[in-house]
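Results of the structural survey
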Amino acid sequence: MSCAQVAVRKSATEPLLKLRARPLRLALVGNANVGKSVLFGRLTGQYAVVSNYPGTTVALTLGRALIGAEVCDVTDTPGVNAVEGVLSEDELVTRRILETGETDVVIQVADARNLRRGLMLTSQLAAFKLPMVLVLNMADEARTHGVHIDAAGLAASLGIPVVETVATEGRGVAALKDVLANAAVPNPRGDHAGDHAKWAHDMAVQFRRLQPRSAARVQERLSRMVREPATGLPILALVLYVMYLIVGVFGAQTLVGLIENGLFKQFINPAAAFLVNRFVPWAIVRDFLVGEYGLITMGLTYAIAIVLPVVATFFLVFGFLEDSGYIPRLAIFSDRIFRAMGLNGKAVLPMVLGLGCDTMATMTTRILGTPKERLIAVLLLALGIPCSAQLATIFGILGGISFAALMTLFGVVLAQMFLVGFLAARVLPGERSEFMMELPPIRLPHMRNVVYKTVLRVRWYLGEAVPLFLVGTALLFVLSRLGWLAAMTRGLEPLVQGLLGLPARTTEVFVMGFLRRDYGAAGLFRMARAGDLQPVQAVVALTVMTLFVPCVANFLMMVKEQGWKPALGILGVVTVIAIGTGAALNTVLHVLHVSF
Amino acid sequence: MSRSSPAQRLASIEPGTRGHIVRVARDHRDRADRLMALGVTPGASIHVLQQFPSVVFMCDQTELAVEPAVADAILVQIE
């Protein structure tokens, strides 16, 4: 074992901090949603995305912290309910780091309110014989709920240091750093060996005092209102409506209008055209920069003017909802629906997350219980969930046409998801797992965390999406120059013009959509603005685009999570469904003479 | 309020009721293990909050939502 030097330590008196060949490795381990990532941020000064629901961290995050005079490597791990028995994919990630000797000291983070559950994990962690420290986080919330813990008594009994913290405020973090040197292998658990639950229960009874009190009246009432159908469903409708107002109206219309018409049409594009025409002597380069498929006139305008405002407003609202604890409660209503689709209510987390970014959400499917559930969830994400960038263009185009147009698109896409899920549940082998899920407390979000998360995600969008956007624009330019675009347009004519009833130019848009469907949709946005797209055509084209696989990055993530064969299978199935649905929708709308 | 009343299945208890978990049926091993990991073990206090569309209850200090089949496997001694 590579960590023998530490693991064989017999007593807490021997100093842990001493000259070492490599940095000391600390791992933050604990139940889901106890604040490991917040503590990670406090220790390392790095930000790991923090939310108020289990499953925000599904992979390891690494960072460095200065403890005393020593630089240590810190690992933030996905939350676990257990580290032995039947484990989910993300729990295995955590178990692996304990098994492989990749860590020298385990910092177990527990929710002070849930001492019993925390101790159950302590009991399992003790089996790895690694030096440990127990952190009782959210000590403030515990106190408001009337939970008092005898930390000193607990420490003496366990034989490891126990520290109470409020990580979001940084309280207790200094104390934690101080006691790290005393990290020790927990005491043997006496005669309860094997029965973690009984031992944890007895320990909790011994060291915890409960004062029945309901200090958090408002919290309780709110929690009840969002959970009960009679009030919860109207609240859900209200939340969606407010979200639509902020993202679909303020973001996609007001802000886009200001930035596109105000900034780009009046200043940036004319200025760029002027400068390029003046200083660039080669026509082809001029065309590449400011022509019809120009990098600035098309690529940058789409990315910054059309998509960015919506991505930013969406992540702001979304971050607020994430931290409020509202999103997991949607599982209560959706469990029955998801069960028909071979999933359970927990699947609401990756699905809602997909509205932010399908690629990230594909990774989050790890929190689901069985391989079959993960495959179905990945398929449905690829098929039906529009990401924020794409929502931008959907709201932008259809919001300008009519509410009925918007509802048609969402209706068709949701129905298609349900149908595909329903069939997949019956066709694919394997089982679904039963629905049992922890609901995080309802909290008023810290606006600082919400804003910080939004900034981080917008920066990520700019860093990851914009370059690809520009590559797509360049690709289109090259294809158009070589005459291939015209050839493809002719080749796909029966499909695009015949079957889907769309203008020939839409083919270009679909080429872009293959890279990222929101670019495709952004192309549609421009066509719609120019009046080249009838309302029915806009609805059909956007429906097809929404049902496509989201983007190259999402496809690669599918390959990473599921392997090549399932990923290619999903790509094929999704493409056929997208075009088939588009053709059917086009026919139905024409037969019924719908014009929106 | 009699102490001797028999244990009831969580799925059939009125919302608002409080009690203690006496047993988690082990006929479905996976289920019992997962429940245990969430803190649903004999001795834990329980407060039933809702039965539909999902069963929601407070177990110790954790709020949990489960499907009816799962709630059926949890036996509660009502206080």
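Source: prediction; values computed, not measured. Per chain, residues are indexed from 1 in the order of the written sequence. Note on labels: chains are lettered from A, ligands numbered from 1, in written order. For a predicted model such as this one, the threshold for reporting local features is a pLDDT of at least 70, and the threshold for listing and counting side-chain atom pairs is 80 or more; totals across whole chains, interfaces and linings nevertheless cover every residue. Heavy atoms throughout the structure, all of them, feed into the side-chain values; hydrogens and water do not.

1. Some words on the nonpolar core
All names here are of chain A. Using the following cut-off: Working definition of a nonpolar core: buried Ala, Val, Leu, Ile, Met, Phe, Trp, Tyr and Cys residues. They are joined through side-chain atoms within 4.5 Å. Each residue's exposure class comes from its accessible area (1.4 Å probe, protein chains only) as a fraction of the maximum for that residue type: buried when under 20%, exposed when over 50%, partly exposed otherwise. Here a helix means four or more residues in a row that DSSP labels H or I, a strand means two or more in a row labelled E, and each is numbered from the N terminus. Throughout, a contact is declared for two residues whenever any of their heavy atoms are within 4.5 Å.
Leu 398 and Leu 524 are the most contacted members of the largest nonpolar core, which has 123 residues in total. Sorting elements by how many residues they give to this core places helix α12 (residues 295–324) first, with 14 residues. Leu 524 has contacts with Ile 397, Thr 506, Val 509, Leu 533, Ala 541, Leu 542 and Met 545, leaving out every residue within four places of it along the chain.

2. Brief notes about the packing of helix α10 (residues 229–279) of chain A against helix α17 (residues 388–401) of chain A
Residue and element names in this part refer to chain A. Convention followed: Axis definition: a line fitted to C-alpha atoms, limited for helices to the stretch in contact. Angles are taken between N-to-C directions and run from 0 to 180 degrees. Oblique is the label for every angle not falling under 35 degrees (roughly parallel), over 145 degrees (roughly antiparallel), or within 65 to 115 degrees (roughly perpendicular). Throughout, the ten residues Ala, Val, Leu, Ile, Met, Phe, Trp, Tyr, Cys and Pro are labelled nonpolar, Asp, Glu, Lys and Arg are labelled charged, and all others, Gly among them, are labelled polar.
Taken N-terminus to C-terminus, the directions of α10 and α17 make an angle of 80 degrees; their axes are 9 Å apart at the nearest point. Relative to α17, α10 is oriented roughly perpendicular. Only Ala 392, Phe 395, Gly 396, Gly 399 and Gly 400 of α17 make contact with α10, whose side of the interface consists of Tyr 244, Val 247, Gly 248, Ala 252 and Gln 253. Split into classes, the residues belonging to the contact of α10 with α17 amount to five nonpolar, five polar and no charged.

3. Let's talk about the domain arrangement of chain A
Residues and elements named next belong to chain A. Note the cut-off: These domain boundaries are the output of an automatic or database domain assignment. Here's the idea: put two parts together, see how much 1.4 Å probe accessible area each one loses, and the total over both is what we call buried area. Salt-bridge detection follows one rule: a side-chain nitrogen of Lys or Arg within 4 Å of a carboxyl oxygen of Asp or Glu. Within 3.5 Å is the distance limit for a polar contact, defined as a pair of N or O atoms, with the added protein rule that one can donate a hydrogen and the other accept it, and that residues adjacent in sequence qualify only through two side-chain atoms.
Split by domain assignment, chain A resolves into domain 1 (4–210) and domain 2 (230–435 + 447–591). Here the C-alpha centroids of domain 1 and domain 2 sit 40 Å apart. Taken together, the contact pairs 14 residues of domain 1 with 18 residues of domain 2. Contact with domain 2 buries surface across domain 1, with Tyr 47, Tyr 53 and Val 58 losing the most and accounting together for 42% of the total. Measuring nitrogen to oxygen at the nearest pair gives 3.3 Å for the salt bridge that ties Arg 374 to Glu 89. Put simply, domain 1 and domain 2 have one residue pair in polar contact (both at pLDDT 80 or more) between them. Looking at the side of domain 1 that touches domain 2 residue by residue, the class counts come to eight nonpolar, four polar and two charged.

4. Things to note about the environment of Glu322(A)
Residues and elements named next belong to chain A. Residue position: Glu 322 is located in helix α12. We classify Glu 322 as buried; its relative accessible area is 0%. Non-local contacts of Glu 322, meaning those with residues more than four positions away in its chain, are made with Ser 51, Asn 52, Tyr 53, Ile 327, Leu 353, Lys 453 and Arg 457. Within the structure, the side chain of Glu 322 is placed 2.7 Å from the side chain of Lys 453, a separation counted as a polar contact.

5. Concerning the interface of chain B and chain A
Each partner contributes residues to the interface: chain B has 31 residues there, and chain A has 33 residues. Of the roughly 3,000 Å² buried between chain B and chain A on both sides combined, carbon and sulfur atoms contribute 49%. Broken down residue by residue, the surface that chain B buries against chain A is led by Arg34(B), Gln61(B) and Glu67(B), which jointly contribute 23%. Run the count over chain B and chain A and you get seven salt bridges. Note that Arg339(A) is salt-bridged to Glu67(B), the shortest N-O span being 3.9 Å.

6. Some words on the pattern of salt bridges
Residue and element names in this part refer to chain A. In this structure the tally under the stated criterion is 25 salt bridges over all chains. Between Glu 561 and Arg 366 there is a salt bridge; the shortest N-O distance is 2.9 Å. With Glu 561 in helix α25 (residues 552–562) and Arg 366 in the loop between α15 (358–364) and α16 (371–384), this residue pair connects regions lying 195 residues apart in the sequence. Beyond isolated ion pairs, a larger network of salt bridges with shared partners links Glu 322, Asp 323, Lys 453 and Arg 457.

7. A few points about the confidence of the model for chain A
So the rule is basically this: The predictor attaches a confidence to each residue, and that confidence, scored 0 to 100, is pLDDT.
Averaged over chain A, the pLDDT score is 87; the fraction of residues at 70 or greater is 95%. The low-confidence segment residues 1–13 of chain A, where pLDDT is below 50, has 26 contacts with residues more than four positions distant or belonging to other chains.

8. Describing the packing of aromatic side chains
Residues and elements named next belong to chain A. Spelled out, the test is: Two aromatic rings, drawn from Phe, Tyr or Trp (for Trp, its six-membered ring), form a pair once their centres lie within 6.5 Å of each other, and the interplanar angle then sorts them: stacked below 30 degrees, edge-to-face above 60, tilted otherwise. Sitting over a ring, as applied to charges here, requires NZ of Lys or CZ of Arg to be within 6 Å of the ring centre and within 35 degrees of the ring normal.
In the structure shown here, the tally under the stated rule is seven aromatic pairs over all chains. Geometrically, the ring pair formed by Tyr 244 and Phe 395 is edge-to-face, given 5.3 Å between the ring centres and 65 degrees between the ring planes. Residue Tyr 244 is located in helix α10, and its partner Phe 395 is located in helix α17; the two are separated by 151 residues in the primary sequence. Take Phe 395: its relative accessible area is 10%, and that puts it in the buried class. Feature note: the residues Phe 314, Phe 315 and Phe 318 constitute an aromatic cluster, connected by ring pairs. The ring of Phe 422 has Arg 426 lying over it, and the distance from NZ or CZ to the ring centre is 3.7 Å.

9. Overview of the environment of Pro441(A)
All names here are of chain A. As for its placement among the helices and strands, Pro 441 is situated in the loop between β9 (436–439) and α19 (447–482). Expressed as a C-alpha distance, the spacing of Pro 441 and Gly 325, which sit 116 residues apart in the sequence, is 6.1 Å. If sequence neighbours within four positions are ignored, Pro 441 has contacts with Asn 52, Arg 113, Glu 141, Gln 219, Ser 324, Gly 325 and Arg 329.

10. Some details on the sheet that holds strand β5 (residues 62–66) of chain B
Using the following cut-off: By this definition, two strands are paired if DSSP reports at least two bridges between them.
Read from one edge to the other, the open sheet built from seven strands follows the order β9(A)-β5(B)-β4(B)-β3(B)-β2(B)-β6(B)-β1(B), with strand pairing classed as antiparallel. Only two strands of the sheet have a single partner each, and these edge strands are β9 of chain A together with β1 (8–9) of chain B. Bridge analysis of strand β2 (residues 18–24) of chain B against strand β3 (residues 45–50) of chain B gives three bridges, and the strand direction is antiparallel. The residue of β3(B) that forms the bridge with Gly19(B) is Ile46(B).

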